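# Examining the three-dimensional arrangement
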Amino acid sequence: MHHHHLLRLRFLAAAHTPRSISTSASVSAKTGLGLAMVKRKRAARAATTPEPVMTGPALVSSPDEARSLIRRMSARKKRKVDYTEGLLAGEEEYELPQGSKTDTGFESPLTDLEEDPVVEEEAPKKRTRKKKLTEPVVYDIPPVETKTTTFKGRLGYACLNTVLRAMKPEPIFCSRTLRIDTILKPEFGMDYCKGLGRKNAEDLAKLIQWNEENNIKFLRISSELFPFASHDKYGYTLEYAEKELKAAGDLAKRYGHRLTTHPGQFTQLGSPRNVVVDAAIRDLDYHCQMFRHMGLDQDSVMIIHMGGMFGDKTATIERFKEVYQTRLTDDMKARLVLENDEMCYNADDLLPVCEELDIPIVFDYHHNWIYPSELPIPELISRINKIWQRKGIKPKQHLSSPCPGAESVMEKRKHADRCPELPAELPDDMDLMIEAKDKEQAVFHLYRMYNLHPVIHENLRPEKPAKPFPRMIKEEAAAAAEAAGEETGSAATPRKRGKRSRVNTAESPALDVLETGVAAEPKDLEDAAVVDDDTAVGKKPVKPVKPVKSARKKGSKTAAVAESEEVAKRPPRKKVTGKAV
């Protein structure tokens, strides 16, 4: 109501005020012509603007009374309002700290910009990729044909676990290695090499734990557990990884697992080269160090082959016997065992020397199938087991199977992914190492087939189809081409680089050994084939072949052009008629 009266009083004051009074302040500020122009505009505006008509009773009688009334009404003081909160029942009154101000309607901290708290800017959040939600792979595991057996021993696999190796993002395996070039780089060096060995030893304990959870109590340790540990220049001892090795050994002993090793094909004690024998002895010492730091007993053996024949099998066996008796330590002799191979030394060849020196033999069924012994398998196993018993070591054997479709000796040597069955001659209480490509899956396959142990279904993997040999692929291609009515070899094939000619091996017994695929070793002049020279009796000297010049001088004729010109110069041939000459 007061607001409407104020507006009305201001309107009345403006209507009753003379023009000279309302414009006196502004006119005094102008000079000359400008003042005259302003007066004329004001006069014109006043003539055209109608006087306001007021109705109703007058509130004031004069303009001065109206202005004084406006001043009185607009000069009222603003009240300060104190905002207080009522206390609830049982609530104590909160006292403001000393020096603080009461929050009023006109003195609010919201209007005081200088007292606003400083808000610190948050650091931008680091963008992270969302993890892909991958569903677990469900494998289709087909059933297996069940069979019966009286076997109660342990089945094992070699070196690698396919399930743990495929784990992401951190696979578990014990064969991390490197090259010498990496060791020579300053950013890597021997510390990096030894770090790989320590990581391998740590994963060995995880591998033993996984085996225990899956009822596998027999394992072959990878010889690459500590890379280059037996090298003549970059070799090192294993004291730095004693903690990791002891942890793995203690776990194996607690669970009753058997751990063995199989040094590589270059570990040959019967070699005629001293450098090879020295390297073999260093390698055996390296494996003995592993078992010693792990605290394992004599059941942790080292399996090697006799190696190559080097032109004389009997002489090689004699060299082996001498090295074994004179250069090996007692720890090496206590753990060393021999295995029959498929090319040079079968069980009949090894049995006499092993019985003489009390060296146990690991009987390999697959090798005996390729290079069979004359003695029957039961008699061989009986005599071999007696050597194991004299040494106080639990016997062990090897089992593998050839790939399907193998015909030649080289094809039969290749191991299949799994074994179809256990051998009939297998003793009931035997540690059997399954040398198959599928590793632990081959053990699970035999577990399911003979109901030896329960298996965890999530750890099973399906068997992959066997890969055909190159010979089989060529035969299939030729058969398909013949069925399509095409001649084999009629199609254009890319030109291949010619192969080097081989030396005749009919008169070279050393190359006979190499041709059979015996465990190879570095070649030198002693291992190379002896080839007769040109001055040998009964052979004609071979003339040296002149090098062919590929580039020709400018303006010279090619061989084809020269030959055509020479033919053109020849006299023409006489025609042959039916008459007798």
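You'll find the structure just up there.
Residues numbered from 1 in each chain as written. Predicted model: local features only at pLDDT ≥ 70, side-chain atom pairs only at ≥ 80, totals over all residues. Heavy atoms only, no water.

### Topic: the overall build of the protein chain
Cut-off, in case you're wondering: Labels follow the DSSP assignment, with helices taken as runs of H or I lasting at least four residues and strands as runs of E lasting at least two, numbered in each case from the N terminus. Burial classes follow relative accessibility: with a 1.4 Å probe on protein chains only, a residue under 20% of its type's maximum area counts as buried, one over 50% as exposed, and anything between as partly exposed. In what follows, a contact means two residues having at least one pair of non-hydrogen atoms within 4.5 Å. Areas reported as accessible are Shrake-Rupley estimates using a 1.4 Å probe. Residue values count occlusion only from the protein chains shown.
When you go through the protein chain residue by residue, the secondary structure sums to 20 helices and eight strands. Every one of the 581 residues in the protein chain was classed for burial, and the buried ones make up 34%. Intrachain contacts of the protein chain at a sequence separation of at least 6 include 75% that bridge at least 24 residues. In the structure as shown, the protein chain presents an accessible area of about 40,300 Å², 55% of it carried by carbon and sulfur atoms.

### Considerations on the pattern of salt bridges
Quick reminder of the rule: By salt bridge we mean one thing: a side-chain nitrogen of Lys or Arg within 4 Å of a carboxyl oxygen of Asp or Glu.
Under the defined criterion, the tally for this structure stands at 25 salt bridges. Of the charged contacts, one joins Glu-212 and Lys-217 as a salt bridge, the two residues approaching to 2.9 Å between their closest N and O atoms. Relative accessible area serves as the criterion here: at 29%, Lys-217 is assigned to the partly exposed category. Here Lys-313 and Asp-349 are joined by a salt bridge, their closest N and O atoms 3.1 Å apart. With a gap of 36 residues between them, Lys-313 in helix H11 (residues 313-326) and Asp-349 in helix H13 (residues 347-357) connect regions that are remote in the sequence. Note on Lys-313: relative accessible area 24%, which makes it partly exposed. Salt bridges here are not isolated pairs; linked through shared partners, they connect Arg-176, Lys-199, Asp-203 and Lys-206.

### Observations regarding the side chain of Arg-176
The condition that has to hold: Polar contact criterion, stated in full: a pair of N or O atoms within 3.5 Å, where within protein one must be able to donate a hydrogen and the other to accept it, and residues adjacent in sequence count only if both atoms are side-chain atoms.
Structurally, Arg-176 is set in the loop between helix H6 (162-165) and helix H7 (180-184). Since its relative accessible area comes to 12%, Arg-176 is described here as buried. In this structure the side chain of Arg-176 is engaged in a polar contact, spanning 3.5 Å, whose partner is the backbone oxygen of Pro-171. Of the polar contacts made by the side chain of Arg-176, one reaches the side chain of Asn-200; its length is 3.0 Å. In contact with Arg-176, other than residues within four places in its own chain, are Glu-170, Pro-171, Leu-196, Lys-199, Asn-200, Asp-203, Glu-224 and Pro-227.

### Some remarks on the environment of Arg-383
Relative to the elements of secondary structure, Arg-383 occurs in helix H15 (residues 377-391). Residue Arg-383 is classed as partly exposed on the basis of its relative accessible area, which comes to 29%. Here the alpha-carbon distance between Arg-383 and Leu-351, two residues 32 residues apart in the chain, equals 8.3 Å. If near-sequence neighbours (up to four positions away) are discounted, Arg-383 is found in contact with Leu-351, Glu-355 and Leu-375.

### Description of helix H18 (residues 470-483)
To be explicit about the condition: For a helix, the expected span equals 1.5 Å multiplied by the residue count minus one.
The terminal C-alpha atoms of H18, which comprises 14 residues, lie 20 Å apart, in line with the 20 Å expected from a rise of 1.5 Å per residue. Of the residues flanking the end of H18, it is Gly-485, one or two places downstream, whose phi is positive at about 85°.

### Remarks on the pairing of strand E5 (residues 336-339)
The condition that has to hold: Note on pairing: two strands pair once DSSP finds at least 2 bridges between them. Orient the strands so they point away from the viewer, and a crossover whose first-strand-to-second-strand path over the helix runs clockwise is right-handed.
Where burial is concerned, the two faces of E5 agree: the one with Leu-336 and Leu-338 and the one with Val-337 and Glu-339 are both buried. Here three bridges tie strand E4 (residues 302-304) to E5, and the two strands are oriented parallel to one another. Bridging across to E5, Ile-303 finds its partner in Val-337. Alignment of E5 against strand E6 (residues 361-364), held across two bridges, turns out to be parallel. Its bridge partner lying in E6, Glu-339 is registered against Val-362. Chirality of the crossover, the property in question, places the unit of E5, H13 and E6 among those that are right-handed.

### Description of the environment of Ala-436
One can find Ala-436 in the loop between strand E8 (431-434) and helix H17 (440-450). The exposure class assigned to Ala-436 is buried, which follows from its relative accessible area of 6%. Remark: the alpha-carbon pair of Ala-436 and Tyr-157, spanning 279 residues in sequence, is separated by 7.7 Å. For Ala-436, the contacting residues outside a window of four places in its chain are Ala-416, Asp-417, Arg-418 and Ala-442.

### Overview of the side chain of Asp-283
Rules: For this count, His and the chain ends are skipped, Lys and Arg are scored as positive, and Asp and Glu as negative.
Position of Asp-283 relative to the elements: it lies in helix H10 (residues 274-294). For the buried Asp-283, no salt bridge exists, and the shortest N-O distance to an oppositely charged side chain is 8.2 Å, to Arg-282. Non-local contacts of Asp-283, meaning those with residues more than four positions away in its chain, are made with Ser-230, Pro-263, Gly-264 and Thr-267.

### Focus on H11
To keep things clear, this is the line we draw: As used here, the arc is the angular range of directions from the helix axis to the C-beta atoms.
If you check H11, its first and last C-alpha atoms are 20 Å apart, about what 14 residues at 1.5 Å a residue would give, namely 20 Å. Looking only at H11, the buried set comprises Thr-316, Ile-317, Phe-320, Lys-321, Val-323 and Tyr-324. Buried residues of H11, viewed axially, fall in a sector of 170°; they line one side. Facing away from the buried side of H11 by over 90 degrees, the exposed positions are Thr-314, Glu-322 and Thr-326. On the buried face of H11, the contacting elements are H10, helix H12 (330-335), E5, H13 and H15.

### Here we look at a positive patch on the surface
As a reminder of what qualifies: Candidates for patches are residues over 30% relative accessible area with no salt bridge; among them, like charges are joined within 9 Å and nonpolar side chains (Val, Leu, Ile, Met, Phe, Trp, Tyr) within 5 Å. Where a charge lies is defined by one atom per residue type, namely NZ (Lys), CZ (Arg), CG (Asp) and CD (Glu).
Residues Lys-414, Lys-437, Lys-464 and Lys-467 make up a contiguous surface patch of positive charge. With respect to the helices and strands, Lys-467 occurs in the loop between H17 and H18.

### Regarding the nonpolar core
Test applied: Residues enter a nonpolar core if they are buried and are Ala, Val, Leu, Ile, Met, Phe, Trp, Tyr or Cys, with the set joined through side-chain atoms within 4.5 Å.
One finds Leu-204, Leu-225, Phe-226, Leu-269, Leu-432 and Ile-434 to be the most contacted residues of the largest nonpolar core, which totals 95 residues. Top element by residues in this core is H10. It accounts for nine residues. Dropping the residues within four chain positions of it, Leu-204 is found in contact with Cys-174, Leu-219, Ile-221, Leu-225, Ala-248 and Met-294.

### A word on unusual backbone geometry
With an omega dihedral of 5°, the bond running from Lys-168 to Pro-169 counts as a cis peptide bond. Despite not being glycine, Cys-159 shows a phi value in the positive range, around 70°. Its place among the elements puts Cys-159 in the loop between strand E1 (154-158) and H6. Its identity is not glycine, yet Asn-451 carries a phi of approximately 55°, on the positive side. With respect to the helices and strands, the residue Asn-451 is situated in the loop between H17 and H18.

### What to know about the packing of H11 against H13
Note the cut-off: Helix axes are fitted to C-alpha atoms over the stretch in contact, other axes to C-alpha atoms as well, and angles between N-to-C directions run from 0 to 180 degrees. An angle below 35 degrees is treated as roughly parallel, one above 145 as roughly antiparallel, one from 65 to 115 as roughly perpendicular, and anything else as oblique. If you view the pair so one helix is near and one far, a crossing is left-handed when the near helix is turned anticlockwise from the far one by less than a right angle, and right-handed when it is turned clockwise.
At a minimum axis distance of 12 Å, the contact between H11 and H13 shows a crossing angle of 25°. Classified by the interaxial angle, the pair formed by H11 and H13 is roughly parallel. Considering how the two elements wind past one another, H11 and H13 form a crossing that is right-handed. Counting all contacts with H11, which are made through Lys-313, Ile-317, Lys-321, Tyr-324 and Gln-325, the residues of H13 involved are Asp-349, Val-353, Glu-356 and Leu-357.

Everything listed is a geometric property; what it means functionally is a separate question.
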